[in-house]
Structures are given as structure tokens and as C-alpha cells.
Amino acid sequence: MEASAGGTVRGMFTCELCGLATPFTYFGQKPPNTRAIVLLEESYVLKDPFSHDREKFIVLGSSCTVCHKVVCVGTECSLFYTKRFCLPCVRENLDQFPQQIQAELAKKKSAPLHTDPAKR
Amino acid sequence: MTSMKMDDKWDWDSPQCRAQLDEVFFRQHDYIQAGSQDHKDFWAFFERFQRFKAKKEMSGSKDNKYDDPKCSKSRKSGSLDLGLPKEYDARYKINISVCTKDVEEKMEGCGYRRQTQSGPGKQEITDCRLALLHFLDFSQKQSFNKLAKLRHEQRSLPIFHYRDKIVELVKAHSVVVVAGDTGCGKSTQVPQYLLSSGFTNIACTQPRRIACISLAKRVSFESLNQFGSKVGYQIRFETTRTLATKLLFLTEGLLLRQIQQDPLLSQYQVLIVDEVHERHLHCDFLLGVLRALVGVRPDLRLVLMSATINIKLFSEYFRGAPVLQVPGRLFPIQVIYQPIPPEEQASRSEKLDPRPYLRVLQGIDQRYPTEERGDLLLFLSGVAEISTVLEACQTYATHTQRWIVLPLHSTLSLAQQDKVFDIAPPGVRKCIISTNIAETSVTIDGVRFVVDSGKVKEMSFDPKAKMQRLQEFWISRASSEQRKGRAGRTGPGVCYRLYAESDYDAFAPYPVPEIHRVALDSLVLQMKSMGLGDPGSFSFIDPPPASSIQTAVTYLREQGALDVSGELTTIGSLLAQLPVDVVIGKMLVLGSLFNLVEPVLTIAAALSVQSPFLRSAQHNPDCATARQPLHSNQGDPFTLLNTFNAWVQAKGERGGGSRKWCRRRGLEEQRLYEMVNLRRQFKELLRSHGLLEEGSGGAVTPEERRRRRDRLTERQQLHQLKRQHDLQEGARRKVLRLEEGGQGDSSGSDDDNASQGTGKGKKTEGQNLDIQEVKFKLRHNVDQLQEVASASQDLSSRRQALLKLLLCRGLYPQLALPDEHNATRKDSEQIFHTRNKQGVVIHPTSVFASDPEVLHVPEQEDGQPGAGKGQSGRHQLLAFVTLLETNKPYVSNCVRVPALQLLLLVSNCVDSNGDCTRLVVDGWLELCLSDGERTLGVVSTALELRAEWERLLQAQLCKRRPSARDLQHLSDRLVRFLLYTEVNYTIRRLTALQSQNLYVGPQSDPTTSDAQALKTIFPGWDPQPDPIKGGLRVSSYFTYNCLSDPSDLYSECLRTFWTCPHCALYMPFTPLERMQHQASCKPPEEQPAQEESESETAAPSSSSSLSRLYHCDICDKDLTLTSTEILKHKRQHAVAS
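Residues numbered from 1 in each chain as written. Chains lettered and ligands numbered in written order. Predicted model: local features only at pLDDT ≥ 70, side-chain atom pairs only at ≥ 80, totals over all residues. Heavy atoms only, no water.

For chain B, an unreviewed UniProt entry supplies the name DEAH (Asp-Glu-Ala-His) box polypeptide 34 and the organism Coilia grayii.

Going by the annotation in an unreviewed UniProt entry, the name recorded for chain A is Cysteine-rich DPF motif domain-containing protein 1, with Coilia grayii given as the source organism. The record in UniProt for chain A states the following under Sequence similarities (unreviewed entry): "Belongs to the CDPF1 family." (UniProt positions renumbered as here; feature names shortened; annotations may be inferred.)

Dropping the structure here:
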């Protein structure tokens, strides 16, 4: 039974922005038992606790390319666009992002409650 | 890029085409495998994704291309170049890639696929990969959001702010009290805080089994260990505990049992005792035990969790343990006092007046618009009150169409109880009318209004009458607050109190703890077995009255569990291990001796759970007819046995159709499942105590091997089903229909048809799976059970008699005597007397309530000439399991049994007069017998049988299993004694005054000749003068000639002429002398037969061996007659005079 609980805990992942804290079981770009899947960033990964499958994982977060803060993947904290950016850094460099991203961020600002129910 | 542009042979919807892509992306070891749920989800996602892309393409995708480069050019000078691509693509937002190069290359290498025209081209693979990326991203977001939401909820609980403080306190102190009100999150969070701060081997006790399961589930989910076993639970029949379990939820009772095995509880580092304020018997006792344990194990951490009630009591009990108080999370609740006007207050005998309750419903309808949702929870004291108010509210609900009225109490079927969690349709409110079960045990969300009657029915124990009593009381202020709180769980609420504020102020502050209300038999037994010394000096948090402990000690002594000095007997220490009432434990032990263990296991289990017979179905004629074949007029335990056996058969025959089988008969199947589990636990306990032989090891036949293999396959399938069920759990709640309210009872009717008729089709495939059936089959070997059931289904009348004797010996001294005038009373007015309580009645659910004639003495024997009034050999007693007073004192779960025979075989105290024409049993039952000489013989047989029974039982208890031959011989004789002893007698209950002056008292000059005589009559016994009662004490329970007999002082000195049938000696004898002569004058060759003929003189036949010498006083002749002939002879004289 315990085997299905999956990988051993490697440490605590804590988002430096929202404080979300949870253990992680892998750090890197190639989570175990995922064969063809490769992550495009060095990520904190947790074996998906909501799935019975031992291979399923959740990417919790990674370091912001600009400021190197550890941030979670929640839309209130960071976004991925070829690389990970924490939202403060995105805002700082907003002009470099394509309009679609800018629009998404603007939408979020105007109605933050609807974008991510988890963060209410 | 839609599929339209593709080679027209390529069809995304074709299973073959998809299968080819599956070979690229969803191979056996891939992240998503073909055939899995994720795989199905992907293709469903794929279709949506393609549609989305097509739509987007149509609505001008051209713009994008021009916009993007422009905007990334206009970068602020001096800022960092992020190196982002010039052109926007949604794929850049995904942090995952899927590498399938190896497969693709292989395919191209072969090249043959392209020629088949149907193979996927580069474009198809690209499309599929893109969809897969989006799918992976989508499921990542879903899972992450679930996690984030969970963490957010945890952080917003009031207790979250005290997290570090709690851990700190527990590290520093061996005992900590955490007090927090409803909704603060203590039960789910505190164990997790301790777990994540490095504590391990944590046990958390709960008063209720159901809470153990739901908390373990919740906490394992919250601690991200849903599929592991780090967090587990253990209750009576189920455990998810493994070696990896670090946090275990278990019941208080179970932890106590563990302490019995392991007094230091060395398996645990932290013990959390939750809900200590509820003050259950087990909890109070557990606290006492743990208080001592803390002193012995300084490394042990103890956390008490309580509502903010009487916290000082707990803290002080543990020598000033630190208290951490956490605010609850309740919405504001408006309290409205609406005392019931005097003209609407029911007097004791009347039914409750529903008008005050109706007014609340009306008031809500007037004051609150229907769009404002919120249900009503109404607290009443008992089932009768609930049905009265329910009826009135139902009428109102039918009229207004604005309410669905639902009852809630523990005697409802589980399906009906479950309805209170369903949702009312818009514009309609639920009105749940409940006992105090909804105060703590059952929590219903969405309640906005609470109506509190202020009353509760509580069980108390009357030690004088040895009777449980269910009485109505005012609730305590604490309960009142708890009820109020139920209105503010999900939003602001209103609480209507149907009493005055001054009443509230006069309420007791807290409810009476259970330890002050109930019989302490099991508690005292357990204390004895744990070696806790004198139960009277144990330091309870709130010690029970010394008298209740004394009552329990006396009772246990009567039951043979304690000896005279108050120490555990062999059987007592065994009974302490069994998690059942002492009487039921005794049955189990007795059953293990004879070859009757299977039916006894079933009956013991059946008597330990709630009755499977639903009360509501009793008046349903269809149910009554269907139940008829299950009934046994021997008694309710036999009906339960029949029911269980028939159910097991039904399970085999129809495979899964047992649900329907139960519904037809108005049976709650859950109870039968509990029985089968309990039965198995009992069996294991008996086996572990060496009371049962191990299953036959013998050689395995090929047949058996095949069966085992089949069973293994079946088990694997069942496990699969169970896993699927577990995954589907948490399915959404049903929406109630308006007509679903009220007493509308699905039991007995075919509910399946009803729900089909409405065409709601609410039963999905998953719900239709009977998970109980699956669990049942996983846990039990159905074939074996069926063999056992069919074996005990057709017990011969002799086996049945023996079984009855075992039950009654177990139940003794819980006996009731039918009133002598019952034959002339109406069925509903039959009354009975127990030793301590006169005028009890049979509970309406008992088989004897509907068929009391079987308890009457047959008329033809009554009033036989010469037999005296009331003389008969057919008197019966009722042995019963419970005596409970509600509006009347009721006995339930009764067995009928021949009176004299049972009393001689099981009672603790039989006293006789000189000629044995009068026996007094246990100081309250008087038997007057017409034939003293005969009686003496019967008593002698009984003594012999009991001695043998005791010898074999002791051997069994000492794990020296008696020989089958001895057992067979004894059981044959017991049955013959029970069924065929023929002595005529009257039986009555002595008045209090009579039982005070029973004995002659110590005699200065004990008649040694009598003692000599008795020795011959009772070979193997050594009669001694009894120092208190007088007379001669033959055995621990039989004292001869100690009854003072005012009417016939000299009877034992009267000699009559008698001729010995063996040696033809003719001379005057006292009855005792005659017996003595007979005993010593047996012709040697007849001796073995003689011993049995004493109990066997039954069958009236003219055969000379049954005849005996009879001296008729009237015609002064010695005659050789059978017992029937004697009666005939006597009748002649009666007729002549």
C-alpha cells in the first residue's frame, strides 16, 4: 500500500509569494516513471496525491528566471512563457510579453476573484 | 489545421486511426496508457480541443501574427531582455514537452505505414502532440488547483493560527488540553500538526466509529496521503492500519482493549482523546487509565480535545495541564424564546401538542422569502414525539408545497436516515425532525433554523429494579447551546427555543455524564481484568456512586464472573476479553463447549446489534406475511437465528438479490452485515482463547483446491470493484422530491419500481453496485457460511432444547414469571414479574407479544383432580435480554423455557423443605410440588448434571477439551432432563414479607442422620449444616430442609408405610429415609439405567419399569402404578368424595 503512496519526500516546497507550503518528492526536469515527458524547467514536483497511479505528478513550482525566487505555478504567483516568471517580474517587464499575455493579466486584475477560485 | 485538410483516408473519429496514435503516445509504459481513464479523458479533450481550434481559426487568426512582433519590439530601454520569442504561441505557455522521437523515427524507417495510406502522417502526429500538451497542462492545473484550494482551506481555519503554539505545548508538557468550539478544525488539524512536526505513532480516539472513518479519510486526503496508509483507522470490524501507519483514528473502546493487551501502550507516542466533553463512559474510564499511565511513561504525550465546556475540570484532573483555547467558527445566531403556552403543554399521559412547532414553520414561511434558502432542524425527545409532530407538519407541508418533512432517529433504516443529507428542490425547505442524534453524532449542512424543545430522553439505570429506564428530562445549558449552534454552521441562523429564558437559566450546566447513569457491569469487569484493584477507589474524573459499583460487583458475582472475594474467575477473565454484555459472553463460552457453537455465535451476534426488524414495517401486511416463516415461537433469539440463516441462503441463491429480499421483509440489511462481522469476530476470539478447535487441517482435495482457486479469482474481481467504488465515492447528493417527505416508507414496497416510474433514473451504474455485498464477499467465505447456516437451520428439537438451555443459562438471572392470571387476560394485557420488578410487559416487537398463548399453562392439566389448583408440569419462564422502562417496563428478546428444570439447572440458590414438596429459588420463586419423593430424585439428577457440566466447562476453560463422548452423554441427559422431567407443581412469586421469613435459621442440633441420608441420596456430595439458613447445605446452590414451613412443621418426621420394590422390605419411612433406602438398594445390574430413569419417567406407558410403588393414604393400600396411573387413582377418590 505504502508503495502506491509514491516517492519519498525530499523536502518542503514553499512559495515565496503566497506561502503555499507542501512537501515535494522530486526536483528536476524528468520526474520518475514518466517516459516521454520532459519538463521545460527545473521544477519542484510532487507525486499526485489525488491519483491512485504512482506515475502521476503535480508540478508545484520553480524559480523565477529573473529574480530566482521560488514560486508556485498558481496563476496569482507566476506564469510560464517559455520560461517561468513570477508575476512581479512579469509586471516589471510587461512590455516584452505578447499582447495575449498582457490581456490575460489585465483581465485578472479587473476580476481577480474569477480567474482562480482556489486563491480566493 | 483541421482534419478536413488531411488525407481523406485519415479519420480522427475512427478507432483504428486513434489506435495508431495510441501506439505513439500511449504505450504500455507511457505516462498515459491506452485503455486508462486518463486515456479516455484525453480523447474526449481532443475532440473539444479540435472544435475550439477550428472555431478560433474561423474567427480570424490572422491578426495575431501581425500584433506579436510589434509589441515585443517596444521594450523599455534599460530593462533586461527576457529573450522571449517574437511570435505568440499558446504552446509557449506549457512547461511540458513530450518526446516521442524514438517511435516516430522507427515508423519512418519502416516506411511501410505511409503506403498503407491510413497511417498517421507528420501532421497528425503534430496535432495529436499539441493536443496532448494542452491536455497535460490542463490536468496539471486541475490537480494543482485542488492542492492549492486544500491548503487555502486549512489556512483559513481558526485553529491554524495556533499551530505552532500547539506543537510547542505538546513538546513541553505531557498533557495538554485543546478546547475549541464547533468548526475550529481541531479534530482534523491537530493530528496533522503533530504529524508534520515530527511526532509519530499518534493515536486519536473518537466516541463514534463513523467519525473514525470519516476523519481518517479527511486527514489522509489533507495530508496528501489519500492512497497511502500513513493515516488509518481501526474500528471493531475494520482497519486500514498497516506498519506504515503513523496516525490512527480509533474508538475509545478499542484503545481500552489495547491497553488490556499492552498496559504501557508502548506502540504509541502521542494519544489524542477527542470530544472528552461528551463524557462517555469509555472516555471517562480511559482518562482515568491514561492519568495513571502518564506517570509511568513520561515520554508519552497526551492531548485532550474538548468543546469549550467545563475545561477546568479536565485541566485540574491532569494536575493543571495547560489549556489552549481556540475560538470556533460560527455565524451569528439569533435566539428567540417561545415558551409553549400552558394550554398546549402535554400532560404526562397525553400526546404532544404539535401546534407550537407548526407555528414556527408558518412563521418562517411568512418572514423569509423562499429564495433565501436554509433548512429547519427540530429537536424532540423521542420517536413517539417525532411521529406526532411529523404528522402535523406533513399535513401543513402537503398544503403549502414548501416543505419536505423528514424524521431522523436511530431506529430508522439507514437509507431513511441518509435522506436528511439530500437536497431540497428550489423554493422548498427541509424540515428535519430529530432526536438528539443530530446534536453531536449527525451533522447536517445547510441548516438555518433550529427549533429546540428543550427535552431529551436519556437512558438511566435503576439498580434496585435492575432495569434500564428511558426518561424524559430537560436538557442542559451545554446541550442547548450545542443545538443552537447547529443553525450557524453555514451562515447566520435563528434558534427558536420552546421554553422561557428563565427555564434556560434553571437548566443544569452540563449533561449528566454517562458513568452516573448506566449499569457499570462491563466497566467493573474490565477494570478487574486490567488489574486496577478495587473499582471503588479508582480515581475517576467524576466518580460514580459507590452503590452503582457495588451493584455491578454483586451482579458479576451472581454471573460467576467474580468469586466471593471479588476476584476474576476463569470464565470472568474470558468474559472481560469479549466486547459484549456479560450474559452474551456467557452464551458464547457455553456454546463452545457443546457442538452448538455456530448457532450460538449467530444468536450472540444478533443480540449485540440493533434489531434488523424495522419497526415501521411491522404494520405493513406484506412484510408481516413475508416475515411469518422466520418467526419462532420458542423465542426472539430463534427468530433472529432463522432470519440470519435465511438471509445467508438468500445471498447464495440470488447473488446480490439479498437487498430486495430484505426489503420485502422490512429488514435493515446493514444489521445483518454487522451480525455476520460480529459473529466472525466472536469466532476468532473463541479460537484465540483455545475454546474452538482449529479448522480441520486435513489433506486438501482437488475439489477444495479448485474452490480455493475460484475464490481467489473472485476475490481479485471484488477488490477491483471495491477500488472502483472507493474512487467514485463522494458522488453528489440527490435532490429530494416533494412527496418524499413524511413517513413515506420505502421498506416493504418495491422501491425500484417506484423510482423507475418517475423516470428519474437516479441510479447510475456505480451506485447500483452494492458495496456492502462486495465487502461481505471479500470478508466472508459465503460457501462456508451457507453450510453453517443450513446446518443450524434445521435443528432437531433436541438440539434446539439444548441451545435454549445454553441461552437461558447465559441470560440467567434475567428471568420473568408469567402472572398466574394471564390466561384470562387480553393479549395486550399479559404481565410478568421479575425478581426485582413486578408487572413488566413484553415488548411489542417480541414474538410473544403476538402469540402469548404459548406461555400459558395448558388448560387440560390445570385443575386436574388431585393435582391441586395451578398444579402442572408445564410451567414456563421467560428469559430475557433487556428490561427497559419507557412508558411501561418492557422485556425484549425473550425465550420461553420449562420453569422447574431451568431453575434446577442454572439458578444460584435452591432451598427446599424437609420432604421436598416446597422449593424456593433465589429467594423469590416458590414452587410447591405434589410429589416430594419424586422431586428429591429430580433434584438429585440436576445436581449430578450440573456437577458434570461444570467439570467439563472448567476443563474446556483450562484448554483441556473434554472427550466427545462425555459431551454427548451430558448433552443427551440435559436435553432429556429439560424436556421429559414430569413433576407437577405450582409456581409463584413470593411477596417481600414472605421472602424475609424464609428460613428456619441455624439449628443447635443438626440432624446428623439426615446428613447421612443425604449423602446416600446425593452420592459425591458432603452435606453440611448451613450456618445461616439452617438445614443442610448439599451443594453451593442447594440447601435441604432450610425452609421454615409453618403449615406443615412435622412433615419430615411423618413416617408412612412403604415397600421397597427391590428387596420387598415393608416398614414406615420418612420421605428422606425412603430415598436413602432406594438409593442404596439398587440392584447392581440396573444401576446405570436407574440413574437415568429418574429423569426419564416421562412417557406414560404401562411398561413395568416405569411403574413404582404407590401408597394411597385414602384406601391405605400399596399399589404398583405408573405416574399417570397414580393420577388416575387419585382422581377416583376425588370423584367419589
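Read on for the rest.
Participant: I tried to follow the nonpolar core on my own but got confused; where do I start?
Facilitator: Grouped burial of nonpolar side chains is what soluble globular proteins tend to show. Residues and elements named next belong to chain B. Among the nonpolar cores identified, the biggest contains 161 residues, and Trp647 and Leu927 are the most heavily contacted of them. Counting residues per element, this core draws most heavily on helix 35 (residues 932-957), which supplies 10 residues. Apart from residues lying up to four places away in sequence, Trp647 is in contact with Ser658, Trp661, Cys662, Glu669, Leu672, Tyr673, Val676 and Phe776. (Core = buried A, V, L, I, M, F, W, Y, C linked by side-chain atoms within 4.5 Å. Buried < 20%, exposed > 50% of the residue type's maximum accessible area, 1.4 Å probe, protein only. Helix = DSSP H or I, 4+ residues; strand = E, 2+ residues; numbered from the N terminus. Contact = heavy atoms within 4.5 Å.)

Participant: I would appreciate a short explanation of the packing of aromatic side chains in the present structure.
Facilitator: What characterises a pair of aromatic rings is the spacing of the ring centres plus the angle enclosed by the ring planes. Residue and element names in this part refer to chain B. Applying the stated criterion to the full structure yields 33 aromatic pairs over all chains. With a centroid separation of 5.4 Å and an interplanar angle of 35 degrees, the aromatic rings of Trp474 and Phe507 are classed as tilted. One end of the pair, Trp474, is in strand 15 (residues 467-474); the other, Phe507, is in the loop between helix 17 (501-506) and helix 18 (521-529), with 33 residues separating them in the sequence. For Trp474, a relative accessible area of 44% corresponds to the partly exposed category. Take Phe507: its relative accessible area is 6%, and that puts it in the buried class. In this structure an aromatic cluster arises from ring pairing among Trp12, Phe25, Phe26, Phe42, Trp43, Phe45, Phe46, Phe49, Phe135 and Phe138. The ring of Trp949 is capped by Arg809, whose NZ or CZ atom sits 4.5 Å from the centre of that ring. (Phe/Tyr/Trp six-rings, centres within 6.5 Å; stacked < 30°, edge-to-face > 60°. Lys NZ or Arg CZ within 6 Å of the ring centre and 35° of its normal.)

Participant: Before we go on, may I ask you to explain the packing of helix 1 (residues 15-25) of chain B against helix 2 (residues 37-58) of chain B in this structure?
Facilitator: Two numbers describe a pair of packed helices, the interaxial angle and the distance between the axes. All names here are of chain B. At a minimum axis distance of 13 Å, the contact between helix 1 and helix 2 shows a crossing angle of 120 degrees. Crossing of helix 1 against helix 2: the hand is right-handed. Contacts from Arg18, Leu21 and Asp22 in helix 1 reach His39, Trp43 and Glu47 in helix 2. Looking at the contact of helix 1 with helix 2, its residues break down into 2 nonpolar, 1 polar and 3 charged. (Axes fitted to C-alpha atoms, helices over the stretch in contact; angles between N-to-C directions. Left-handed = near helix turned anticlockwise from the far one by under 90°. Nonpolar A, V, L, I, M, F, W, Y, C, P; charged D, E, K, R; others polar.)

Participant: Looking at this structure, I do not really get the pairing of strand 15 of chain B. What am I missing?
Facilitator: On a regular strand, each side chain points to the face opposite its neighbour's, so the side chains alternate between the two faces of the sheet. Residue and element names in this part refer to chain B. Strand direction decides the pairing type here: strand 14 (residues 455-462) and strand 15, joined by 8 bridges, are antiparallel. When the sheet's bridge partners are listed, Lys455 is paired in strand 15 with Trp474. Taking the residues that link successive antiparallel strands as the turn, the strand 14-strand 15 hairpin has 4 residues, and the phi of Lys466 there is positive, at about 55 degrees. Inspection of the sheet shows strand 15 paired to strand 20 (residues 876-885) by 2 bridges, in the parallel sense. Within strand 20, the residue paired with Arg469 across the bridge is Glu885. (Pairing = 2+ DSSP bridges.)

Participant: Sorry, what's going on with the sheet that holds strand 5 (residues 247-251) of chain B here?
Facilitator: All names here are of chain B. With parallel pairing, the 7 strands of this open sheet are ordered in space as 4-5-3-6-7-2-8. Here the strands that pair on one side only, and so sit at the sheet edges, are strand 4 (231-234) and strand 8 (323-326). This sheet shows a mean twist of 20 degrees between the axes of neighbouring strands, independent of strand direction. Judged from the 4 bridges that link them, strand 6 (residues 270-273) and strand 7 (residues 301-306) form a sheet pairing that is parallel. If you follow Val273 over to strand 7, its bridge partner there is Leu304.

Participant: Teacher, can you tell me more about the side chain of Arg934 of chain B here?
Facilitator: All names here are of chain B. Along the chain, Arg934 turns up in helix 35. Buried charge without a salt bridge: Arg934, with Asp931 as the nearest opposite-charge side chain at an N-O distance of 4.3 Å. At 2.8 Å, the side chain of Arg934 forms a polar contact with the backbone oxygen of Glu982. (Lys, Arg positive; Asp, Glu negative; His and termini not counted. Salt bridge = Lys/Arg side-chain N within 4 Å of Asp/Glu carboxyl O. Polar contact = N/O pair within 3.5 Å; in protein donor to acceptor, adjacent residues only side chain to side chain.)

Participant: Would you mind going over the side chain of Asn95 of chain B with me for this structure?
Facilitator: Turning to its location among the elements, Asn95 of chain B is positioned in the loop between helix 3 (62-73) and strand 1 (96-98). Assessed through its relative accessible area of 7%, Asn95 of chain B is described here as buried. Ignoring sequence-local partners within four residues, the contact set of Asn95 of chain B consists of Val38, Leu39, Leu40, Glu41, Val59, Phe80 and Arg84 of chain A.

Participant: Can you help me understand the interface of chain B and chain A in this one?
Facilitator: Accessible area lost during the coming together of the parts is what is often quoted as the interface size. Each partner contributes residues to the interface: chain B has 55 residues there, and chain A has 55 residues. With both chains or domains summed, chain B and chain A bury close to 4,900 Å², and 59% of this area falls on carbon and sulfur atoms. Taken together, the connections running from chain B to chain A amount to 2 salt bridges. A salt bridge links Glu104 of chain A to Lys93 of chain B; the nearest nitrogen and oxygen atoms lie 2.6 Å apart. Taken together, chain B and chain A are joined by 18 residue pairs in polar contact (both at pLDDT 80 or more). When contributions to the side of chain B that touches chain A are tallied by element, the ones reaching two or more residues are helix 3, strand 1 and helix 6 (122-155) of chain B. It is helix 6 of chain B that contributes the most residues to the side of chain B that touches chain A, 13 residues altogether. A breakdown of the residues in the side of chain B that touches chain A according to their chemical character gives 21 nonpolar, 17 polar and 17 charged. (Buried area = accessible area lost by both parts, 1.4 Å probe.)

Participant: Is there a simple way to explain the sheet that holds strand 10 (residues 375-379) of chain B in this structure?
Facilitator: Residues and elements named next belong to chain B. Ordered in space as 9-16-13-10-12-11, the 6 strands form an open sheet in which the pairing is parallel. In this open sheet, the two strands that pair with only one neighbour each are strand 9 (333-337) and strand 11 (403-408). Neighbour to neighbour, the strand axes of the sheet diverge by 20 degrees on average, direction disregarded. The pairing of strand 11 with strand 12 (residues 429-434) spans 6 bridges and is classified as parallel. Residue pairing across strands places Pro407 opposite Ile433, the latter belonging to strand 12. Contacts from helix 14 (residues 383-400) reach strand 10, strand 11 and strand 12, with the element oriented near 165 degrees to strand 11.

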